[in-house]
Number of protein chains: 2
Amino acid sequence: MDRLTANMHYLFNPNSVAVIGASDNMSKLGFHVMKSLTNGKFPGKIIPINPGSNKVMGINAYPSIKDYNGHIDQAIVVLPAKLVPNIFQECVDKGIKSIVLITAGFREIDDPAGANLHEKTADIVNRAGIPVIGPNTFGMINLNGDLNASFTPEFSNLRKGNICLVSQSGGISHLLAFMAMEFNVGFSKIIGLGNRLNVDFDRMINYLMTDPDTKVIALYIEGIDDVRKLIETARKNRGQKPIIAYKTGKGKVGNQASMSHTGSMAGRHELYKSAFNQAGILNIDNTETLLDTAKAMSLCSLPEGPSMAVLSGQAGPSMAACDLLESEGLKIDGFTRNTQEKINDLLPPLALRTNPVDMGPAWYDSSAMQEIIRAVMDDENVSGILLLMMFASANVDVLKGVRDILVKWAQQKPVISCILSPPGIWDEEINELEKVRAIVNYPTPERAAMAMVNLWRYKRIKETMKLN
Amino acid sequence: MDRLTANMHYLFNPNSVAVIGASDNMSKLGFHVMKSLTNGKFPGKIIPINPGSNKVMGINAYPSIKDYNGHIDQAIVVLPAKLVPNIFQECVDKGIKSIVLITAGFREIDDPAGANLHEKTADIVNRAGIPVIGPNTFGMINLNGDLNASFTPEFSNLRKGNICLVSQSGGISHLLAFMAMEFNVGFSKIIGLGNRLNVDFDRMINYLMTDPDTKVIALYIEGIDDVRKLIETARKNRGQKPIIAYKTGKGKVGNQASMSHTGSMAGRHELYKSAFNQAGILNIDNTETLLDTAKAMSLCSLPEGPSMAVLSGQAGPSMAACDLLESEGLKIDGFTRNTQEKINDLLPPLALRTNPVDMGPAWYDSSAMQEIIRAVMDDENVSGILLLMMFASANVDVLKGVRDILVKWAQQKPVISCILSPPGIWDEEINELEKVRAIVNYPTPERAAMAMVNLWRYKRIKETMKLN
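Once a new chain begins, its residue numbering starts again from 1 and follows that chain's sequence as written. Chain letters start at A and ligand numbers start at 1, both assigned in the order the entries are written. At least 70 in pLDDT is required for a residue's local features to be given in this predicted model, at least 80 for side-chain atom pairs to be given and counted, and no such filter applies to totals for whole chains, interfaces and linings, which use all residues. Hydrogens and waters are ignored; side-chain quantities use all the structure's heavy atoms.

A.B. asks: What am I meant to see in the overall build of chain A here?
C.D. replies: Under the DSSP-based scheme used, a helix requires at least four consecutive residues in state H or I and a strand at least two consecutive residues in state E, with every element numbered from the N terminus. Along the backbone of chain A there are 16 helices and 19 strands. Restricting the calculation to C-alpha atoms gives the radius of gyration, and the globule rule supplies 2.2 Å times the number of residues raised to the power 0.38. The C-alpha radius of gyration computed for chain A amounts to 25 Å, which stays within 12% of the reference 23 Å derived for 468 residues, consistent with globular compactness. Expressed along its principal axes, the backbone C-alpha trace of chain A runs to roughly 80 × 50 × 40 Å. Working definition: with a 1.4 Å probe on protein chains only, accessible area under 20% of the residue-type maximum means buried, over 50% means exposed, and in between means partly exposed. Counting all 468 residues of chain A, 64% fall into the buried class. In chain A, the proportion of contacts linking residues at least 24 apart, taken out of those at least 6 apart, comes to 76%. By element, 47% of the accessible surface of chain A is carried by carbon and sulfur atoms, the whole surface being about 16,800 Å². Side-chain charges of chain A comprise 48 positive and 48 negative groups, with the mean position of each set lying 6 Å from the other. Whether two residues are in contact is decided by their heavy atoms, any of which lying within 4.5 Å being enough. Per-residue and other accessible areas follow the Shrake-Rupley method at a 1.4 Å probe size, with only the shown protein chains counted as cover for residues. For the charge count, each Lys or Arg is scored as positive and each Asp or Glu as negative, with His and the chain ends excluded. By convention, the charge on Lys lies at NZ, on Arg at CZ, on Asp at CG and on Glu at CD.

So, in structure tokens, the structure goes:
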């Protein structure tokens, strides 16, 4: 293992972090980085570096890292670009093992001086084998290590989970983080690769394959310099952990924007998609579906086959879900005779009792609803279940009724739901069902159905990869 | 005007409402309907009908409507189906002008007795010219009249607005209502057509064209008996008020489910879509987009042309939006020379200054951001603006900075935004911007872009319809 690869560990697990450019001035990024580390309760040593202060946020500060006597594992750098080469040389001299370079102004700018600076800076750390996140990034957060090495203290509000987001955009990372806070999605890490001085997608994926905190790898990609490296890395690690990717830069404008934003061309979109597919990477086409799919993969098993049962409290949402499942190649077949007979005994002939089952007539009989769910779970023809129910005060009791059976059966087969109530009314009860893994919940029937479709797509990809 | 058409007014504006089957027992729908009317602060007279009680919820009750001496404009019926023909005859005898029939068990059930009952019941009210919402519906709500004639008291939490939802599914109506409560979308009415005894989509659209509270008509459709009637009605009223429609029942399973749920076949999906299009109805393909599009049409003007400006605080979200705009036929052209020069003066050459504009380098200079927005608003080449910004504590001040310019320019050209902060942190400030109509906000850049695409699509439809 080369030195840089060995040092990747210290990017996420440093014992001591120096903030080069730490500040008490709220208008400086160095203030927000200090706040992220302290509010995020980083358990290691924090070393503010600022030539003008003895203390920053009440913590002893030093004019430079040279003036600090102890060992430093990580430097977070927020000073202007032109100062970075000297700072990096100091980092090398100090034996620092990892760097988060938040500063912008390298190869993404119009001026060729940016590209020169990029080369020069990369050269210093490459020779020393120091991995760098950035430049031009918000930073990153490792939730399991309570390391919020970013300028966004609110990332520490995220729930801990097993999804790692590796992103080329700070905007998309923030968007997904905010969505995740609302939709009960937990992350292991969120990493803003920025302009990738020496840590690109391929290197990060290799690291994450061995990261015990990460089960699902979600990528947001704009432009890549060496797409073959990413593809080879994905292929080499195929079948181990799911990789899902949302790639923008489809059109003319996006391609041009990518060059300017990340210093890399977005490239021809269709070629990417087909290469990703062959490498076992699941293609996703918007931010919502990226998070929705990561959530399902994080919490559900994969369906063994394409046959789905759709159980709903009202017919409309199940029609919306069935349309989507069918158009994406999943099947809504009949149940076994045994299951169907049980359902016919439990439901009056007022609504649809075959798959999709309209459980509406059982709204006031939660034991009937429990029995229907149990029968469908047991059905050998069913590989996954969509459960769609809109609650209001007229029918909230049934939630409690189905709780036990859902908890007991949690995710033996994937159970994806769209269980909703008026906002602020039974949110707690629905959240509780998610917390005990009884359901994996989505805000619309179509998004629930699409999450199931993507679980099945990935199952197919996994099977195909085994044959190769 | 025939009697039934004249009586449509009383469906939404009754002075007195009888609840036939009113109850103090929480397990009865008659309890929840009473709660809807009373919690919803219905300003007219409420007359509970229950042969076993003198009072329901503290309001004087009567054994039957015959026993009440005053006039009754509307009956809401929640008693079992087999009792409905007699009740309807009593309604006719009493001179009641409109009925909401919540009860299920008519032509949607497996038993042919259901269809017979349907015919018999329809015959009674048709002869008397009484419009009926239902059977098999949650009811409806008229927010401007504070009439919550449904079994869902929480519908009264909805914001008042100018969108009318006409839906064949209670589940979808509840889903959209819950979403609307979270996303600041306001309704004039939500109407659950149910199995359409004598009030179908065409009749409702005719009524809504003259309803001063309704600006946008959103339809959720499963199956229609006479699609030509709907098409003719839409064509006849073309260009007056936008009609947008989400139709499910695409696949084999959905079609079958529709028969069972609504008593009508869903029919061939592609034929519907093309007929809708020709009638000037905008086709929508999921619940989220139905609400998102209705929101944009409710609050924005239509773009005069296809040229969009994309202004963002971070490049990633703008790439996601541009991909979607371009793939749907909108244009992200260059600005006029004058605009471009202004932007070049305002932004350093650190990021993309042509369209899409990455305003990132102006995060800490809200006057520069204001000036950029003003220049783009003034640009004759720009027909609509997408504004995409993810906020956290490091950059929240800019929100206040751009507020004035956005308020001043509100919707002279459509401004659609995705302005987000960590949940619960600056929600208030963002909500406030929506309330003063400075922005029309969406939770992802793709959803914001799709809303703009649909405004443009409808503009095209309107232009085409004028030529016919």
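A.B. asks: Mind showing me how you'd approach the sheet that holds strand β6 (residues 98-101) of chain A here?
C.D. replies: Sheet strands associate in pairs through backbone hydrogen bonding, adopting either a parallel or an antiparallel arrangement. Residues and elements named next belong to chain A. What makes two strands pair is DSSP finding at least two bridges between them. The strand order β2-β1-β5-β6-β7 describes an open sheet built from five strands, whose pairing is parallel. What marks the edges here is a single partner per strand, and that holds for β2 (45-49) and β7 (132-133). Each of β1 (16-20), β2 and β5 (74-77) is contacted by helix α2 (residues 29-39), which is oriented at about 160° to β1, the strand it contacts most. Each axis is a line fitted through C-alpha atoms, taken for helices only over the stretch in contact, and angles between the N-to-C directions span 0 to 180 degrees.

A.B. asks: Honestly, the packing of aromatic side chains in this entry has me stumped. Any pointers?
C.D. replies: We call Phe, Tyr and Trp rings a pair once their centres come within 6.5 Å, taking the six-membered ring for Trp, and we label the pair stacked below 30 degrees between planes, edge-to-face above 60, and tilted otherwise. Enumeration according to the criterion identifies 10 aromatic pairs over all chains in this entry. Taking the centre distance of 5.6 Å and the plane angle of 65° together, the rings of Y220(A) and Y246(A) count as edge-to-face. Here Y246(A) lies in strand β13 (residues 243-247) and Y220(A) lies in strand β12 (residues 216-221), a separation of 26 residues in the sequence. One exposure class covers both Y220(A) and Y246(A), and it is buried. Summarising the aromatic geometry, the rings of Y62(B) and Y68(B) are spaced 5.1 Å apart at their centres and angled 70° between planes, so their arrangement reads as edge-to-face.

A.B. asks: Help me understand the nonpolar core, please; the structure alone is not making it clear to me.
C.D. replies: Nonpolar side chains in soluble globular proteins tend to end up buried together. For this analysis, a nonpolar core means a set of buried residues of the types Ala, Val, Leu, Ile, Met, Phe, Trp, Tyr and Cys, connected via side-chain atoms within 4.5 Å. Membership of the largest hydrophobic core comes to 219 residues, with the highest contact counts inside it found for M204(A), L219(A), I416(A), M204(B), L219(B), L325(B) and I416(B). Among residues more than four places away in sequence, those in contact with I416(B) are A296(B), C300(B), I385(B), L386(B), L387(B), V440(B), Y442(B), A448(B), A451(B), M452(B) and L455(B).

A.B. asks: What exactly am I supposed to notice about unusual backbone geometry here?
C.D. replies: With the exception of glycine, most residues fall at negative phi, and the peptide bonds are largely trans. Across the junction of N355(A) and P356(A), the peptide omega takes the value 0°, indicating a cis bond. Structurally, P356(A) is set in the loop between α12 (337-346) and β16 (357-358). The phi dihedral of D146(B) falls on the positive side, at around 50°, and the residue is not glycine. Structurally, the position occupied by D146(B) is in the loop between β8 (139-142) and β9 (147-150). Here D146(B) falls in the partly exposed class, since its relative accessible area comes to 29%.

A.B. asks: When you look at the relation of the copies chain A and chain B in this model, what are you seeing that I'm missing?
C.D. replies: One copy of the chain maps onto the second through a rotation around an axis plus a translation along that axis. Here the copies are matched by least squares. The fit uses the C-alpha atoms of residues with pLDDT of at least 70 in both. Mapping chain A onto chain B calls for a screw motion: a turn of 180° about the axis and a shift of 0.0 Å along it, with 0.0 Å RMSD after fitting. Interpreted geometrically, this transformation is the action of a two-fold axis. Interface overlap between copies is the fraction of interface residues in one copy that are interface residues in the other; for chain A against chain B it reaches 100%, indicating a shared surface.

A.B. asks: What should I look at first to understand the pattern of salt bridges in this one?
C.D. replies: Pairing between side chains becomes possible if they bear opposite charge and their charged atoms approach one another. Counted as salt bridges are all cases of a side-chain nitrogen of Lys or Arg within 4 Å of a carboxyl oxygen of Asp or Glu. Going through the model one piece at a time under the given rule, you end up with 30 salt bridges over all chains. One salt bridge in this structure joins R196(A) and D200(A), with 3.7 Å as the shortest N-O distance. Of the two residues examined, R196(A) and D200(A), each falls in the buried class. The partner of K459(B) in a salt bridge is E304(B), and the shortest N-O contact between them spans 3.6 Å. Placement of K459(B) in helix α16 (residues 445-467) and of E304(B) in the loop between α10 (287-299) and β15 (308-312) is noted, with a sequence separation of 155 residues between them. You can call K459(B) buried: its relative accessible area is 13%.

A.B. asks: So what exactly am I meant to see when it comes to helix α12 (residues 337-346) of chain B here?
C.D. replies: One turn of an α-helix holds 3.6 residues; hence residues three or four places apart share an orientation. All names here are of chain B. Those residues of α12 not exposed but buried are T339, Q340 and I343. End-on view of α12: buried residues confined to an arc of 95°, all on one side of the axis. Opposite its buried face, α12 presents the exposed residues R337 and D345, each directed more than 90 degrees away. Elements in contact with the buried residues of α12: β16 (357-358) and α13 (366-378). In this description, the arc belongs to the directions extending from the helix axis to the C-beta atoms.

A.B. asks: Help me out: how do you make sense of the sheet that holds β16(B) in this one?
C.D. replies: All names here are of chain B. Reading across the sheet, the five strands line up as β16-β15-β17-β18-β19 and stay open at both edges, with parallel pairing between neighbours. Every other strand in the sheet has two partners, leaving β16 and β19 (440-441) as the edge strands with one partner each. The pairing of strand β17 (residues 384-390) with strand β18 (residues 415-420) spans six bridges and is parallel. Counted as the bridge partner of M389 is I419 from β18.

A.B. asks: Explain the interface of chain A and chain B to me, please; I cannot follow it from the model alone.
C.D. replies: Bring the parts together and some accessible area is lost; that lost area is often taken as the interface size. The interface is formed by 77 residues belonging to chain A together with 77 residues belonging to chain B. Each of two parts loses accessible area, computed with a 1.4 Å probe, when they are put together; buried area is these two losses added. For the pairing of chain A and chain B, the buried interface totals around 5,400 Å² over both sides, and the portion due to carbon and sulfur atoms is 65%. There are two salt bridges connecting chain A and chain B. R447(B) serves as the salt-bridge partner of E288(A), at 2.9 Å between the closest nitrogen and oxygen.

A.B. asks: Before we go on, may I ask you to explain the packing of helix α1 (residues 3-12) of chain A against helix α6 (residues 201-209) of chain A in this structure?
C.D. replies: Packed helices, taken two at a time, are described by the angle between their axes plus the distance between the axes. Residue and element names in this part refer to chain A. Remark: α1 packs on α6, axes separated minimally by 11 Å, with the N-to-C direction vectors making an angle of 75°. If you check the angle between α1 and α6, you find them roughly perpendicular. Side by side, α1 and α6 meet where L4, T5, M8, H9 and F12 of the first sit next to R203, M204 and Y207 of the second. Gly is placed with the polar residues, together with every amino acid not listed as nonpolar (Ala, Val, Leu, Ile, Met, Phe, Trp, Tyr, Cys and Pro) or charged (Asp, Glu, Lys and Arg). Of the residues contributing to the contact of α1 with α6, the split by class is five nonpolar, two polar and one charged. Working rule for angles: under 35 degrees goes down as roughly parallel, over 145 as roughly antiparallel, 65 to 115 as roughly perpendicular, anything else as oblique.

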